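Report on the structure
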Amino acid sequence: MHLNPSVFLKSMTTNTFFHFIKYLFPLGILIYSTWCGLGYTYDSYDYLSAARSFAAQAILINADGTPYFFHAPFFPIWISWLGHDALSHLPTIHTALFMISLLVLDRIIRMAISSNPLQILAFLAVSMGVGLHMCHHFIWTEPTFLVFFLIHNLCLISIIKSFRISTLSVLILSGFVLGITRNAGIFLLVPTAIILFFYTGKFRWKATLAYFAIASSGFALWNIYALMIVSKLAIFKEGSSFYQDIFASIWVYPDVISQWFLPAFVPMFLRITVLIGLLVALFILLRKYHNPITEVFIIQFFIYLVCISTIVLVDNSEAERLLSLVYPFLIISLFIILDPYWVEIKKGMRVLIYIALSLWIGYISIRTVKNSIMWHNNRCNMEFVIFENDPN
């Protein structure tokens with residue numbers, strides 16, 4: 001009996017049980033990495049200290065006793081509601097947030113991609129991403145931010161398809177939370193306002209102004225407060241190597257993005273060349289089949305990338321952390337672009353593409369598993385290492 005791989009994969013991916021099973025792989029890896037508790041970085045201590053001080057005195061104080069102003073306020077405020085035992089609840093909460101993110105991601109993928117096999121492959125490529133797992137392993141703001149950002153973009157897609165005031169209201173509310181959860185959230189509010197202007201037809205002015213005015217208000221008020229604190233403490237007065245930092249950071253981000261597709265041991269110039277070639281090919285494909293969802297995600301990704309490249313000098317782990325918020329949407333965009341061509345591709349070529357995509361997802365998974373094992377071991381041994389750059 002001859003087994004057609006394409007037919008087999010299609011029948012398997014239309015099975016409801018298989019759609020349930022696909023959640024177990026990323027969820028199992030996260031549970032393993034956090035088995036001995038969540039990881040800490042310097043800002044984790046500030047979040048926990050601010051949460052404790054807010055629960056006790058309704059003020060936000062860093063771990064060193066200084067006013068909490070450098071980071072946005074929402075995360076420590078909401079975990080303060082967990083009480084003095086917040087730390088013991090955070091691993092469960094992070095796992096729950098991860099599961100919610102996967103459910104919303106699955107919904108977005110199903111809305112944007114028609115092919116069942118491509119839906120499964122897109123889900124696995126996103127859910128097994130190392131950045132996604134890294135930000136859920138540590139006590140960071142990203143898990144909270146990501147849930148609201150996914151809901152935000154789900155509403156944005158719905159508005160592009162059919163404008164509704166109720167959906168716009170949820171979009172504005174989720175955008176407001178983004179601005180007070182991470183300061184970098186403003187870099188996603190700006191492209192969203194641009195998208196609303198060009199995609200909401202006769203509602204463009206009202207929708208854009210209402211969205212940006214309300215969604216960015218929390219960010220604006222918090223940063224006015226932060227500037228007042230800065231002026232009182234008289235910090236950040238020394239000379240800054242601003243342009244030097246920008247130049248250094250510009251090289252870090254392509255390095256990190258290229259490692260989403262090729263291992264770190266491949267020379268950087270070759271990884272960047274392949275990345276540029278991939279982007280050119282995708283833009284050529286996109287010209288034939290116009291898809292507003294892809295355009296929305298790509299606009300968000302590139303505006304966000306340009307903005308974060310100009311803020312501070314970062315290393316690879318920090319860049320991976322910053323990019324983890326937009327990683328899902330770039331990867332989904334690749335599959336959306338491929339989707340309309342799927343019915344035109346011959347079966348033999350389709351099988352080859354399945355194999356290539358499966359090998360790529362296998363690379364992504366191995367990279368994440370290796371780092372998750374390291375995080376698990378470091379946490380169980382109480383060591384401090386964030387990210388292993390070399391996936392081999």
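Scoring rules and cut-offs
- Residues numbered from 1 in each chain as written.
- Predicted model: local features only at pLDDT ≥ 70, side-chain atom pairs only at ≥ 80, totals over all residues.
- Heavy atoms only, no water.
- Helix = DSSP H or I, 4+ residues; strand = E, 2+ residues; numbered from the N terminus.
- Contact = heavy atoms within 4.5 Å.
- Areas by Shrake-Rupley, 256 points an atom, 1.4 Å probe, with all protein chains shown as cover.
- Buried < 20%, exposed > 50% of the residue type's maximum accessible area, 1.4 Å probe, protein only.
- Axes fitted to C-alpha atoms, helices over the stretch in contact; angles between N-to-C directions.
- Parallel < 35°, antiparallel > 145°, perpendicular 65-115°, else oblique.
- Left-handed = near helix turned anticlockwise from the far one by under 90°.
- Nonpolar A, V, L, I, M, F, W, Y, C, P; charged D, E, K, R; others polar.
- Salt bridge = Lys/Arg side-chain N within 4 Å of Asp/Glu carboxyl O.
- Patch = residues over 30% accessible without salt bridge, like charges linked within 9 Å, V, L, I, M, F, W, Y side chains within 5 Å.
- Expected span 1.5 Å × (residues − 1).
- Phe/Tyr/Trp six-rings, centres within 6.5 Å; stacked < 30°, edge-to-face > 60°.
- Lys NZ or Arg CZ within 6 Å of the ring centre and 35° of its normal.

What follows deals with the overall build of the protein. A count of helical and extended segments in the protein gives 19 helices and zero strands. Taking as baseline every contact in the protein between residues at least 6 positions apart, the subset at least 24 positions apart corresponds to 76%. Surface accessibility of the protein: about 18100 Å² in total, with carbon and sulfur atoms responsible for 71%.

What follows is about the environment of R271. Relative to the assigned elements, R271 resides in helix α15 (residues 268–288). Judged by relative accessible area, which is 5%, R271 ranks as buried. Between the C-alpha atoms of R271 and I257, which are 14 residues apart in sequence, the distance is 9.3 Å. Here R271 is in contact with D255, S258, Q259, L262, P263, A264 and V266, once residues within four sequence places are set aside.

All right, on to the packing of helix α6 (residues 86–112) against helix α18 (residues 327–338) then. In the contact formed by α6 and α18, the axes pass within 10 Å of each other and the chain directions differ by 25°. The angle between α6 and α18 falls in the class roughly parallel. Helix-helix and strand crossings are classified by hand; for α6 and α18 the assignment is right-handed. Along the contact surface, α6 presents L105, I108, I109 and A112, while α18 presents P328, F329, I332 and I336. Across the contact of α6 with α18, the residue classes tally to eight nonpolar, no polar and no charged.

Let's shift gears to the pattern of salt bridges. Inspection of every chain in the model, using the stated rule, returns seven salt bridges. Its salt-bridge partner being R321, residue D43 comes within 2.7 Å of it at the nearest N-O pair. Taken as a pair, D43 in helix α4 (residues 42–57) and R321 in helix α17 (residues 316–323) lie far apart in primary sequence, 278 residues in all. Taken as a pair, D43 and R321 share a single burial class, namely buried. We note a salt bridge from E142 to R182, for which the minimum N-O separation is 2.9 Å. One end of the pair, E142, is in helix α9 (residues 142–161); the other, R182, is in the loop between α10 (165–181) and α11 (186–199), and 40 residues separate them in sequence. R182 shares its class with E142; the two are buried. Sharing partners across several salt bridges, the network here consists of D43, E142, R182 and R321.

Turning our eyes to something else, we now look at a nonpolar patch on the surface. On the surface, a cluster of nonpolar side chains totalling about 340 Å² of accessible area is made up of V190, I194, F198 and F212. With three residues, α11 is the largest single contributor of residues to the nonpolar patch. Looking at where I194 falls in the secondary structure, it is placed in helix α11. Look at I194 and you get partly exposed, because its relative accessible area is 35%.

This paragraph deals with unusual backbone geometry. Of note, A58 is a non-glycine position whose phi angle comes to about 60°, a positive value. Mapped onto the fold, A58 is located in the loop between α4 and α5 (74–80). Given the relative accessible area of 52%, A58 is considered exposed.

End to end, α11 covers 20 Å across 14 residues, agreeing with the expected 20 Å (1.5 Å per residue, within 8%). Taken across its 14 residues, α11 has ten buried, putting it largely inside the fold. Within the span of α11, buried status applies to I186, F187, L188, L189, P191, T192, A193, I195, L196 and F197. G201, located one to two residues past α11, shows a positive phi value of around 55°.

The next thing to look at is the packing of aromatic side chains. According to the stated counting rule, one finds 19 aromatic pairs in the structure shown. Relative to W205, the ring of F197 lies with its centre 4.9 Å away and its plane at 80°, an arrangement referred to as edge-to-face. With relative accessibility at 56%, the residue W205 sits in the exposed group. The interplanar angle of 25° and the centroid separation of 6.3 Å between the aromatic rings of F335 and W360 together place this pair among those described as stacked. Taken together, the residues span a long stretch of sequence, with F335 in helix α18 and W360 in helix α19 (residues 347–380) at a distance of 25 residues. For the pair F335 and W360, one class covers both residues: buried. The structure contains a cluster of three or more aromatic residues connected by ring pairs, namely F145, F149, F297 and F329. Positioned above the aromatic ring of F197, the side-chain terminus of R204 is 4.9 Å from the ring centre.

Below, the discussion takes up the packing of helix α16 (residues 292–308) against α18. Across the interface, α16 lies against α18 with an axial gap of 9 Å and an inter-helix angle of 150°. One element, α16, and the other, α18, form an angle in the roughly antiparallel class. By crossing handedness, the relation of α16 to α18 is classed as left-handed. Only F329, L330, I332, S333, I336 and I337 of α18 make contact with α16, whose side of the interface consists of I293, T294, F297, I298 and F301. Of the residues in the contact of α16 with α18, the class split is nine nonpolar, two polar and no charged.

That is the geometry; function is a separate question.
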